[in-house]
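Here is what each chain is made of, one letter per residue.
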Amino acid sequence: ASVVGIGLGVLIAVGLRALLSGFLGIDLPTTGTELRPRTVIVALVVGLVVTVLSAILPARKATRVPPVAALQPETVFAPTGFRRRRVVLGVLITAVGVALLLAGLFRAEGNRLVNVASGAVVVFFGVAILSPLVARPLARVIGWPFARAFRLPGALARQNAMRNPRRTASTAAALMIGLALVAFVSIFAASIKTSTARTLDESVSADYILSSQNFAPFSPELAERLAQQPELEAVAAVRFGVWRLNGATKQLQAVDPIAYQKVVRTVVTAGSLDALANGGLAVKDTVAEAEGWTVGETVPMEFPRSGVQQVQVKAIYEDNSLNGDYLLSLRDYERGYTDQFDSQVFVKAAPGVDPAASRAAIDRVVADFPIVTVRDQAQFRAETARQIDQLINLFYSLLGLAIVIALFGIVNTLALSIFERIRELGLLRAVGATRRQLRSMIRWEAVIIAILGAVLGLAVGVFFGWTVVRALRSQGITEFTLPVGQLVGFVIAAGVAGILAAILPGRRAARIDMLRAITTE
C-alpha cells in the first residue's frame, strides 16, 4: 500500500501543479517533478509505522475473543455497550480542549490563535472518542426517512447502522474529519468576505481604493499628482512600517490625518487626529488600555533610521478594522524610516463630479504607474472575494483527497461487514429478499453512515469556525457567517458519496449464494 501510495502521490503532485497553473493562475517555480530517495524512505516508514500502530488495539481485542464465539452468530459477541474507560477518556480529552479554547478566546496575553487551534484539535480527538455514544441515536434519526420511504430495505439499513455504533462511528470518522475541515474553511472564507464588506460599508467613505498586488510599495508621487486633480476632493496615502517597543516588534500605519479623516471614518474617544498634523501618535483604545497610555503621554518608539524617539500620544480611537493598532503622522514616519513608499491610496471624488469624470482623472495619473490598480468599492469588494475564493478552491482541492480516502474507508468497512454477515444475508435471501433489495439495503446503510459523518463533521467544523473567527476579532474578522447553502450541499454530497461507496459492496452482497451462506460461514 505504501508503494502504491508513493506512485499515486507522484500523479497527484503532477495534477496539483496543473491545477494551480490552469485554474488558480499560480505558476510554481519548478523544472519538473522530483522524487527524492528520502521521500520514498519517509513514505515507506510512515506507512509501515502507522499500520503497525493502528493494529495494536485490534490485535489486543482479538486475543480476548472467547473460543465459543466460533459456534455463535457474529452478533452475539459484537460489542454493543460503551466501556467506562472510553467515556472517561473522551470527556477528559474534550475538557482539556475546551479549556485551551477558553484560554485562547478570553485571555488577553499570549498567542490566542495558537491556544484556539491547539484546543480545537484536542476537542476533535475527544469528539472522535465519544462519537459512538451519539452514533446510535443519530443513525435512528437519519435513517427514519429511509425506513419510511424505502420500506424493508430502508428499515434494515437503519437497523444495521444502529446495532453496532462503534463500527458505524469508526466508518464515519474519516468523512467526519474531512467535512469538518471543509466546513471550517467555508465558514472562515464566508466570515472574511462578510467582515470585509462590513468594514468597507461602515468605515470607508472613499470612492476609490488604489493598491498594487500584495500591497507592494510604490512611489508617493502618485498621491501627490492625484491631489492636484480638481475632480478629486481628498487623496490619502497609507504607509506601513515596523518599529520596536521595549524589544517587541510592532506594526504601524502612517497617514496624513487631515486627508485620511475624509476617506476613512474613525471614532476618536480621546484627543484629536487633527493634532497628528504636527507629529505624534494615535493608538487603538484596547492597546492604550492594555499599556496604560493616555493622551499627552510619550511612547519610546524605536525606528529603523532614527532609533528611539519619544513620540507623544495625540489621540485614542475605536477599532474599525482599517487603522490597525497605531497611526503615526507622516512627519514622524519620514524622520524614522529611510524608505518612503506608499502601499495604499484612498481617493474621494469632489462633490458634484460625475463618477466617470473622477475615474478618468485617476486613470490618467495611474497610467504612469503600471503596478497600481484602481478599484471602486464594489470592485474592491469583488476582487477581495475573488482572491479569497481562489485560495479556498486550493484548500478544497487538497481536502477533496481526504474525502476520497474517507469513501475508501466506507467501502472497506461495508465489504468487511458483508463478509461477517454472510449467513444473515443468506437468510434474508432465503425468506424472500431479492438481489435488488439487498443492494438497496447496503446502499442506504452507506448513505446513513455518510450523512452521520457529515452531520458530525459539520457540527465540529461550525464550532471550529466560530472559535477561530472569535479569536481573530482583533485582526478585523468580526462577522461570523454560516454559508448555509454550502453546508447543506456538503450533506447532500456526502449522501451521494455514500451511494457511490455502496456500489461494489452491494454487488457483492447480491451475488451471495444463499444455500452456501446458510450452511456455512
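Residues numbered from 1 in each chain as written. Predicted model: local features only at pLDDT ≥ 70, side-chain atom pairs only at ≥ 80, totals over all residues. Heavy atoms only, no water.

Student: I'd like a description of the overall build of the protein chain, backed by residues and values.
Tutor: Assigned secondary structure in the protein chain consists of 17 helices and ten strands. Against the globule reference of 24 Å for 521 residues, the protein chain gives a C-alpha radius of gyration of 31 Å, more extended than a compact globule. With respect to the three principal axes, the spread of C-alpha positions in the protein chain is 95 × 50 × 50 Å. By the burial criterion, 40% of the 521 residues in the protein chain qualify as buried. (Helix = DSSP H or I, 4+ residues; strand = E, 2+ residues; numbered from the N terminus. Rg over C-alpha atoms; globule rule 2.2 N^0.38 Å. Buried < 20%, exposed > 50% of the residue type's maximum accessible area, 1.4 Å probe, protein only.)

Student: So what about the pairing of strand β3 (residues 248-255)? Which residues, and what values?
Tutor: For strand β2 (residues 232-245) and β3, the ladder comprises seven bridges, and the chain directions are antiparallel. Bridged to L245 within β3 is A248. For β3 and strand β8 (residues 326-329), the ladder comprises three bridges, and the chain directions are parallel. The partner of V255 across the bridge, within β8, is S329. (Pairing = 2+ DSSP bridges.)

Student: Outline helix α2 (residues 37-63), supporting the account with residue identities and numerical values.
Tutor: For α2, spanning 27 residues, the distance from its first C-alpha to its last is 39 Å, which sits close to the expected 39 Å at 1.5 Å a residue. Along α2, the sharpest kink reaches roughly 35 degrees, centred on I56 and followed within four residues by the proline P58. (Expected span 1.5 Å × (residues − 1). Bend = angle between axes of the 7 residues up to and from the residue.)

Student: Residues and numbers for the confidence of the model for the protein chain, please.
Tutor: Overall, the prediction assigns the protein chain a mean pLDDT of 84, with 93% of residues at 70 or greater. The least confident element of the protein chain is helix α17 (residues 514-519), whose mean pLDDT is 72; the most confident is strand β5 (residues 281-284), at 93. (pLDDT = per-residue confidence, 0-100.)

Student: Can you break down the nonpolar core residue by residue, with the values?
Tutor: Ranked by size, the top nonpolar core spans 64 residues in total, and within it I410 and L425 carry the most contacts. Of all the elements in the fold, those that place two or more residues in this core are α3 (84-106), α4 (112-149), α5 (151-163), α6 (165-203), α12 (377-420), α13 (422-430), α14 (435-471) and α15 (484-501). Looking at which element gives the most residues to this core, the answer is α14, with 19 residues. In contact with I410, not counting residues within four places along its chain, are T171, L175, A446, A450 and A501. Counting residues in each nonpolar core, the second largest holds 20 residues, with Y260, V263, A315 and Y317 among its members. (Core = buried A, V, L, I, M, F, W, Y, C linked by side-chain atoms within 4.5 Å. Contact = heavy atoms within 4.5 Å.)

Student: Give me the lowdown on a positive patch on the surface, citing residues and values where you can.
Tutor: Taken together, the side chains of R435, R436, R439, R507, R508 and R511 define a basic patch exposed on the protein surface. Contributions of two or more residues to the positive patch are made by α14 and α16 (503-510). Among the elements that take part in the positive patch, α14 stands out by supplying three residues, more than any other. Tracing the backbone shows R435 in helix α14. Judged by its relative accessible area of 40%, R435 falls in the partly exposed class. (Patch = residues over 30% accessible without salt bridge, like charges linked within 9 Å, V, L, I, M, F, W, Y side chains within 5 Å. Areas by Shrake-Rupley, 256 points an atom, 1.4 Å probe, with all protein chains shown as cover. Salt bridge = Lys/Arg side-chain N within 4 Å of Asp/Glu carboxyl O. Lys, Arg positive; Asp, Glu negative; His and termini not counted. Charge placed at Lys NZ, Arg CZ, Asp CG, Glu CD.)

Student: Describe in detail the packing of aromatic side chains, supporting the description with residues and values.
Tutor: Across all of its chains, the model carries nine aromatic pairs by this definition. Plain terms: the ring middles of W293 and Y326 are 6.4 Å apart, the flat faces sit at 55 degrees to each other, and that makes the pair tilted. Of this pair, W293 sits in the loop between α9 (285-291) and β6 (298-303) while Y326 sits in strand β8, placing them 33 residues apart in sequence. Residues W293 and Y326 agree in their burial class; the two are buried. Ring geometry for F303 versus Y337: centroids 5.6 Å apart, planes at 65 degrees, classification edge-to-face. (Phe/Tyr/Trp six-rings, centres within 6.5 Å; stacked < 30°, edge-to-face > 60°.)

Student: Outline a nonpolar patch on the surface, supporting the account with residue identities and numerical values.
Tutor: On the surface, a cluster of nonpolar side chains totalling about 1,000 Å² of accessible area is made up of F463, W466, F480, L482, V484, V488, I492, V496, L500, I503 and L504. When residues of the nonpolar patch are traced back to their parent elements, those giving at least two are α14, α15 and α16. Among the elements that make up the nonpolar patch, the one with the highest residue count is α15 (five residues). Within the secondary structure layout, V488 lies in helix α15.

Student: Give a description of the pattern of salt bridges that names residues and reports values.
Tutor: If you walk through the whole model with that rule in mind, you get 13 salt bridges. Note that D368 and R225 form a salt bridge whose closest N and O atoms lie 2.8 Å from each other. Residue D368 is found in the loop between α11 (355-366) and β10 (372-376), and its partner R225 is found in helix α7 (residues 221-227); the two are separated by 143 residues along the sequence. Residue classification places R225 among the partly exposed positions, given a relative accessible area of 26%.

Student: Kindly report on the pairing of strand β7 (residues 307-317), identifying the contributing residues and their values.
Tutor: Looking at chain direction, strand β4 (residues 268-271) and β7 are connected through three bridges and run antiparallel. Directly across from V268, in β7, lies its bridge partner Y317. Bridge count for β6 against β7 is six bridges, and the pairing is antiparallel. From the neighbouring strand, E302 faces β7, where its bridge partner is V308. Count of turn residues in the β6/β7 antiparallel hairpin: three residues.

Student: With reference to specific residues and values, describe the environment of G336.
Tutor: Here G336 lies in helix α10 (residues 330-336). We classify G336 as buried; its relative accessible area is 0%. Spatially, the C-alpha atoms of G336 and P217 are 17 Å apart, while their sequence positions differ by 119 residues. When near neighbours in sequence (up to four residues on either side) are disregarded, G336 contacts F303, P304, R305 and S306.

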